[in-house]
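Geometric and topological summary
What follows is the residue order along each chain.
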Amino acid sequence: MRALLDANVLFPTILREILTDLAAEGLYVPMWSDRILGEWSRAALRVGPVAAQIAGAEIALLRERFPDVVQPDDGDRAIDLDFPDPADRHVVEAALAGQADLIVTANLRDFPRPLMSRLGLRAIHPDAFLLDIHALDADALHRAVANARARAEAAGGAMSSAELLKRCRLPRLAKLMKV
């Protein structure tokens with residue numbers, strides 16, 4: 001399964017770590033484009049210059065960790081469809097260029113199901129995506145959550161697994177994992 005990760009699931013550190021750990025385990029093939037990474041960087045800049053600097057370092061680490069990730073072009077396709085937010089068109093174009101099966105995004109309203117199905121794509125919330133991953137390999141998902149929790153704690157952000165998943169807006173996964 002090939003999944004294009006939208007900027008809004010890459011920007012939150014904990015969620016990105018869970019998703020990338022699962023990709024490293026071979027449970028799916030992650031994809032993003034330079035434009036998506038740029039969106040992440042600009043979102044961090046809105047938080048402040050320190051956040052932007054950290055995002056730059058995290059993007060570099062992500063590229064180093066996944067040097068062979070499919071980075072589809074940012075798209076110049078002529079998709080004759082009306083998107084709720086035309087600024088998200090590049091995400092769909094990148095998914096099509098990379099032959100993704102789905103787009104993992106926390107912003108489903110900008111990727112309506114009827115429009116996506118016409119393109120042979122599916123947009124899925126990270127909570128639902130991780131539930132699907134849990135069905136494939138529950139142990140790998142538990143390891144990814146435990147690793148993200150350990151890294152957060154090492155960085156001074158001690159929290160329970162339940163708090164971690166709540167912060168990531170993954171309520172169904174938290175309930176399934178009974179944390």
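Note that the structure is a prediction, hence the values are computed from the model and not measured.

**So, the packing of helix H2 (residues 13-24) against helix H4 (residues 49-65)**
With their axes 12 Å apart at the nearest point, H2 and H4 run at an angle of 5° to one another. Put simply, H2 runs roughly parallel to H4. Judged by residue contacts, Thr13, Arg16, Thr20, Asp21 and Ala24 of H2 engage Glu58, Leu62 and Arg65 from H4. Considering only residue class, the contact of H2 with H4 consists of 2 nonpolar, 2 polar and 4 charged.

**Quick notes on the nonpolar core**
Judged by nonpolar contacts, the single largest core of 60 residues is most densely connected at Ile18, Leu22, Phe129 and Leu130. Those residues in contact with Phe129 that sit more than four places away from it in its chain are Met1, Ala3, Leu19, Tyr28, Leu102, Val104 and Ile124.

**Describing the packing of aromatic side chains**
Two measures describe an aromatic ring pair: the distance that separates the ring centres and the angle between the ring planes. Taken as a whole, this structure holds 2 aromatic pairs when the rule is applied. A ring pair is formed by Trp32 and Phe66, whose centres lie 6.0 Å apart and whose planes are at 85°; its orientation type is edge-to-face. Within this pair, whereas Trp32 is found in the loop between strand E2 (29-31) and helix H3 (34-47), its partner Phe66 is found in the loop between H4 and helix H5 (89-97), the two being separated by 34 residues in sequence. Of the two residues examined, Trp32 and Phe66, each falls in the buried class.

**Structural notes on H5**
Taken across its 9 residues, H5 has 7 buried, putting it largely inside the fold. If you check which residues of H5 are buried, you get His90, Val91, Val92, Glu93, Ala94, Ala95 and Leu96. Those residues of H5 that are buried lie in contact with strand E1 (2-5), E2, H3, strand E3 (102-104) and helix H6 (113-118). Phi for Gln99, located one or two positions after H5, is positive at around 55°.

**Looking at the pattern of salt bridges**
Overall, the coordinates contain 9 salt bridges when judged by the stated rule. The partner of Asp21 in a salt bridge is Arg65, and the shortest N-O contact between them spans 2.7 Å. With Asp21 in helix H2 and Arg65 in helix H4, the pair connects residues that are 44 residues apart, well separated along the chain. Taking relative accessible area as the criterion, Asp21 reaches 9% and is therefore assigned buried. A single salt-bridge network, built from bridges that share partners, covers Glu17, Asp21, Arg65 and Arg151.

**A short note on the pairing of E1**
Regular strands show a simple pattern: their side chains alternate between the two faces of the sheet. Here 3 bridges tie E1 to E2, and the two strands are oriented parallel to one another. Across the sheet, residue Leu4 finds its bridge partner in E2, namely Met31. Summarising the sheet, E1 and E3 pair through 3 bridges and their orientation is parallel. Bridging from a neighbouring strand, Leu5 pairs with Val104 of E3.

**Here we look at the environment of Ile18**
One can find Ile18 in helix H2. Sequence spacing of Ile18 and Cys168 is 150 residues, and the spatial spacing of their C-alpha atoms is 9.9 Å. For Ile18, the residues in contact, after removing those within four places along its chain, are Leu130, Leu141, Ala144, Val145, Ala148, Leu164 and Leu165.

**Here's the deal with the sheet that holds E3**
One open sheet accounts for 4 strands, arranged E2-E1-E3-E4; its pairing is parallel. A strand with exactly one partner marks an edge of an open sheet, and here the two such strands are E2 and strand E4 (122-124). Strand-to-strand twist across the sheet, computed as the mean angle between neighbouring axes with direction ignored, equals 30°. Looking at chain direction, E3 and E4 are connected through 3 bridges and run parallel. Bridge pairing links Ile103 to Ala123 in E4. Against the sheet, helix H7 (residues 126-136) contacts E1, E3 and E4, and its axis sits at roughly 95° relative to E4.

Reading the values: rules and limits
Residues numbered from 1 in each chain as written. Predicted model: local features only at pLDDT ≥ 70, side-chain atom pairs only at ≥ 80, totals over all residues. Heavy atoms only, no water. Axes fitted to C-alpha atoms, helices over the stretch in contact; angles between N-to-C directions. Helix = DSSP H or I, 4+ residues; strand = E, 2+ residues; numbered from the N terminus. Parallel < 35°, antiparallel > 145°, perpendicular 65-115°, else oblique. Contact = heavy atoms within 4.5 Å. Nonpolar A, V, L, I, M, F, W, Y, C, P; charged D, E, K, R; others polar. Core = buried A, V, L, I, M, F, W, Y, C linked by side-chain atoms within 4.5 Å. Buried < 20%, exposed > 50% of the residue type's maximum accessible area, 1.4 Å probe, protein only. Phe/Tyr/Trp six-rings, centres within 6.5 Å; stacked < 30°, edge-to-face > 60°. Salt bridge = Lys/Arg side-chain N within 4 Å of Asp/Glu carboxyl O. Pairing = 2+ DSSP bridges.

Function-wise, these values are silent; they only describe arrangement.
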